[in-house]
Amino acid sequence: MAAISYKSCSDSELIGLILEDDHGAYLEVYERYSPRLYFHACKRVADRDDVKDLLQDVFSALWHNRHALSPESSLGGYLYATLRYRAIKLIVQKKATTGYFEALSTDIPDPVHADDRVRENQLGQLIEEEIVQLPPKMQEVFRMSRQQYLSHKEIADELGLSEMTVKKHVNNALKVLRQKLGTLLSLAYFLFF
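Calculation rules
Residues numbered from 1 in each chain as written. Predicted model: local features only at pLDDT ≥ 70, side-chain atom pairs only at ≥ 80, totals over all residues. Heavy atoms only, no water. Core = buried A, V, L, I, M, F, W, Y, C linked by side-chain atoms within 4.5 Å. Buried < 20%, exposed > 50% of the residue type's maximum accessible area, 1.4 Å probe, protein only. Helix = DSSP H or I, 4+ residues; strand = E, 2+ residues; numbered from the N terminus. Contact = heavy atoms within 4.5 Å. Salt bridge = Lys/Arg side-chain N within 4 Å of Asp/Glu carboxyl O. Axes fitted to C-alpha atoms, helices over the stretch in contact; angles between N-to-C directions. Parallel < 35°, antiparallel > 145°, perpendicular 65-115°, else oblique. Left-handed = near helix turned anticlockwise from the far one by under 90°. Nonpolar A, V, L, I, M, F, W, Y, C, P; charged D, E, K, R; others polar. pLDDT = per-residue confidence, 0-100. Patch = residues over 30% accessible without salt bridge, like charges linked within 9 Å, V, L, I, M, F, W, Y side chains within 5 Å. Areas by Shrake-Rupley, 256 points an atom, 1.4 Å probe, with all protein chains shown as cover. Lys, Arg positive; Asp, Glu negative; His and termini not counted. Charge placed at Lys NZ, Arg CZ, Asp CG, Glu CD. Expected span 1.5 Å × (residues − 1). Bend = angle between axes of the 7 residues up to and from the residue. Polar contact = N/O pair within 3.5 Å; in protein donor to acceptor, adjacent residues only side chain to side chain.

A few words on the nonpolar core. Residues Val-29, Leu-37, Phe-59, Leu-62 and Leu-79 are the most contacted members of the largest nonpolar core, which totals 26 residues. For this core, the elements supplying multiple residues, two or more each, are helix H1 (11-19), helix H2 (23-44), helix H3 (48-64) and helix H4 (75-105). Those residues in contact with Phe-59, other than ones at most four positions away along the chain, are Tyr-26, Val-29, Tyr-30, Tyr-33, Ser-34, Leu-37 and Leu-79. Leu-123, Ile-127, Leu-134 and Leu-181 belong to the second largest nonpolar core, which has 17 residues in total.

Glancing now at the pattern of salt bridges. Per the stated rule, a full pass over the model turns up eight salt bridges. A salt bridge links Lys-7 to Glu-28, with the nearest nitrogen and oxygen atoms 3.4 Å apart. Here Glu-28 lies in helix H2 and Lys-7 lies in the segment before H1, a separation of 21 residues in the sequence. Judged by relative accessible area, Glu-28 falls into the buried class, the value being 9%.

A word on the packing of helix H7 (residues 152-159) against helix H8 (residues 163-181). Between H7 and H8, the least distance of the axes is 8 Å, while the angle of their chain directions is 110°. In this view, H7 runs roughly perpendicular relative to H8, as classed from their interaxial angle. Viewed along their axes, H7 and H8 form a crossing whose handedness is right-handed. In this structure, H7 contributes His-152, Lys-153, Ile-155 and Ala-156 to the contact, and H8 contributes Glu-163, Val-166, Lys-167 and Val-170. Class assignment of the residues belonging to the contact of H7 with H8 gives a composition of four nonpolar, one polar and three charged.

Turning next to the confidence of the model for the chain. Across the chain, the average pLDDT comes to 82, with 83% of residues at 70 or higher. Considering only residues more than four positions removed or in separate chains, one finds that residues 188-193, a stretch of pLDDT under 50, has 17 contacts.

Among the surface-exposed residues, Asp-47, Asp-49, Asp-53 and Asp-57 lie close enough to one another that they form a single negatively charged patch. Mapped onto the fold, Asp-53 is located in helix H3. Residue classification places Asp-53 among the partly exposed residues on the basis of a relative accessible area of 42%.

So, on to H2. The terminal C-alpha atoms of H2 lie 30 Å apart, and with 22 residues this matches the ideal 32 Å at 1.5 Å per residue to within 8%. Along H2, the helix axis deviates most sharply at Tyr-33, where the bend reaches about 45°; the proline Pro-35 sits within four residues downstream. Listing the buried residues of H2 in full gives Ala-25, Tyr-26, Glu-28, Val-29, Tyr-33, Ser-34, Leu-37, Ala-41 and Cys-42. A side-chain oxygen of the first residue of H2 lies 2.9 Å from the backbone nitrogen of Gly-24; this N-cap is Asp-22.

Right, here's the structure in full:
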């Protein structure tokens with residue numbers, strides 16, 4: 001069988017060969033159309049990496065959908081239509097993504113989040129009211145542990161207490177708060193401490 005000169009084939013002959021799964025014909029279509037499609041895509045899409053991805057998608061679609069083609073099809077029309085469709089899809093997707101990130105970055109109050117903040121503030125006030133009722137030294141140790149995030153050793157060094165005394169103050173404070181606040185304390189502990 002004689003070697004085929006793909007360069008001399010017409011578009012409809014190349015389609016016929018592609019329908020027979022001829023990869024050489026597919027490569028000739030790529031060589032013939034990719035520079036023009038690249039130039040055309042650059043007019044619509046600014047990012048050159050996106051253009052390269054688009055071309056890869058277009059030629060990948062050609063190969064995967066080759067059995068839907070007919071030799072009478074306009075190969076150039078098919079490729080340009082596929083490119084146009086994918087470029088529009090990419091532009092819409094990028095605009096949606098950009099819009100999403102812009103919406104996230106704006107500080108528009110969200111009623112759900114505002115409601116959560118009100119509840120957090122109320123819960124924080126309840127906890128604060130109970131902390132204030134702790135004995136002064138226990139309260140001081142508890143605040144240093146849970147609000148200033150100091151270790152037991154750091155608290156002991158700063159207050160001139162033993163680590164065991166600091167640990168007892170923190171444990172007793174938690175015990176008192178658990179009794180008074182119950183499950184609210186567990187929730188608040190994760191939210192605030």
